[in-house]
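Listed here are the chains, written in short residue letters.
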Amino acid sequence: MGVSQRRAVAESCAFDADLAHYWREGYAIVRGFFDPDEIDEIGAALDQLYSEGVAHGRCFRHGNLFYNVAREGAGEPLVRMVQWPSYHQRILNAVRLDPRFVDLLEPLIGRDLKQIINQVHWKPPGSLGDFAWHQDSRFRRPASAYRNLATAYVQTGLAIDPHTRESGCMRLIPRSHLAGELAIDSSELVLGTAMKDEPLQAVGLSAGDAVELLLEPGDLALWSPYLVHGSGTNSSDHKRRLYINGYVRASDCDRGEWAFRSGAPVPFGPRPALVHYDELEERPEPHYPDI
Ligand SMILES: O=C(O)CCC(=O)C(=O)O
């Protein structure tokens, strides 16, 4: 697809067609997955989470729960991301276990699902919120613990605010997932690094082929772990929040928290499961990491 064919992703297909679209293009959109009242409630929970991050004033970890807090000058700390807020935020925990997720995902990855991502991204207007071009497969390490990425893993993102070009919506390269893992330069961090053309060109892709993931509050996007994507700065006058939950067919993953067994939600157990924080056993206590 060339530049002239670039199109916004605003026109999504009906639910059935979305799944075919997911396999073919590497992503799909479900419009109005959560309703406006629910989104208001989730938004309020996210604002509470954000205030907690500001109060920490720097990165904070307690087990898998992690606040990524940056400072830009002398202003208020910037909470860029929180991982696993559901351990202590009831409303966000209810969202990740909502039966709508398993109903949606069953035809893709079945009814026995673990969760490897539970994460919120904030982009306040004008802030350091960029995500460099990447595939999520880059973060599935050790590789031996995450099997059959193409067919067993689905990332979902629930829009809490409008996602537009101005607010720094995600940009996706359709069909890039079909190539599997690409050697995209990973020498820089993804979060906080602007999308550049060179790393894409080096693997035979072009930013000109990207589509914009335009979402209204309540819309849900699904994307493949191999889909190349990124996002830019929020130059709108409102914040842009995205609530991400990543699910996997349980038999294909040695890590992660259970989310659904035979389609029924599974609450957290008494101890957190190993996901991405490798020092969970050695350093589970609350602390401010040196990063
Ligand atoms: O929040 C965004 O704009 C980017 C999300 C993303 O790239 C990811 O979660 O992998």
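Preceding block: the structure.
Notes on the structure in this doc start here. As the structure is a computational prediction, the values presented were derived from the model and not from experiment.

## Structural notes on the site of the ligand
Then, number 1: Around the ligand, the structure places His-121, Lys-123, Phe-131, His-134, Asp-136, Met-170, His-229, Ser-231, Arg-240, Leu-242 and Ile-244.
Then, number 2: Between the ligand and His-229 there is a distance of 2.9 Å, counted from an oxygen atom to a side-chain nitrogen or oxygen.
Then, number 3: In isolation the ligand offers 290 Å² of accessible surface; the protein chains occlude 96% of this area.
Then, number 4: Elements with a contribution of two residues or more to the shell around the ligand: strand S5 (113-123), strand S6 (131-134), strand S11 (229-231) and strand S12 (240-249).
Then, number 5: Tallying contributions element by element places S12 first for the shell around the ligand, with three residues.

## Some points on the side chain of Asp-136
Then, number 1: When you line up the elements, Asp-136 lands in the loop between S6 and helix H5 (149-152).
Then, number 2: Despite its burial, Asp-136 pairs with no opposite charge; the closest candidate is Arg-140, at 5.1 Å N-O.
Then, number 3: For Asp-136, the side chain forms a polar contact with the side chain of Gln-155, separated by 3.3 Å.
Then, number 4: A polar atom in the side chain of Asp-136 sits 3.2 Å from the side chain of His-229.
Then, number 5: Ignoring anything within four residues of it in the chain, the contact list for Asp-136 reads Gln-155, Trp-223, Pro-225 and His-229.

## A word on the pairing of strand S7 (residues 153-159)
Then, number 1: In terms of burial, S7 is largely enclosed, as seven of its seven residues are buried.
Then, number 2: Of the two faces of S7, the one holding Tyr-153, Gln-155, Gly-157 and Ala-159 and the one holding Val-154, Thr-156 and Leu-158 are both buried throughout.
Then, number 3: Pairing geometry for S7 and S12, over seven bridges, is antiparallel. Bridge pairing links Tyr-153 to Val-248 in S12.

Calculation rules
In this convention, every chain numbers its residues from 1, walking through the sequence in written order. The predicted origin of the model limits local features to residues at a pLDDT of at least 70 and limits the giving and counting of side-chain atom pairs to 80 or more, whereas totals for whole chains, interfaces and linings rest on all residues. With hydrogens and water excluded, all non-hydrogen atoms of the structure serve as input to the side-chain values. One heavy atom within 4 Å of a molecule or strand makes the whole residue count as near it. Under this definition, polar contacts are N or O atom pairs within 3.5 Å; protein pairs additionally need one hydrogen-donor-capable and one acceptor-capable atom, and for neighbouring residues in sequence, both atoms have to be side-chain atoms. A 1.4 Å probe and the Shrake-Rupley method give the accessible areas. Residues count as covered only by the protein chains that appear here. Note on conventions: DSSP H or I runs of at least 4 residues are helices, E runs of at least 2 residues are strands, and numbering of each starts at the N terminus. Buried, partly exposed and exposed residues are distinguished by accessible area as a fraction of the type maximum, computed with a 1.4 Å probe on protein chains only: under 20%, between the cut-offs, and over 50%, respectively. Only four residue types enter the tally: Lys and Arg on the positive side, Asp and Glu on the negative side; His and the chain ends are excluded. In what follows, salt bridge is the name for a side-chain nitrogen of Lys or Arg lying within 4 Å of a carboxyl oxygen of Asp or Glu. Contacts are assigned to residue pairs that have any heavy atoms within 4.5 Å of one another. Strands qualify as paired when DSSP identifies two bridges or more between them.

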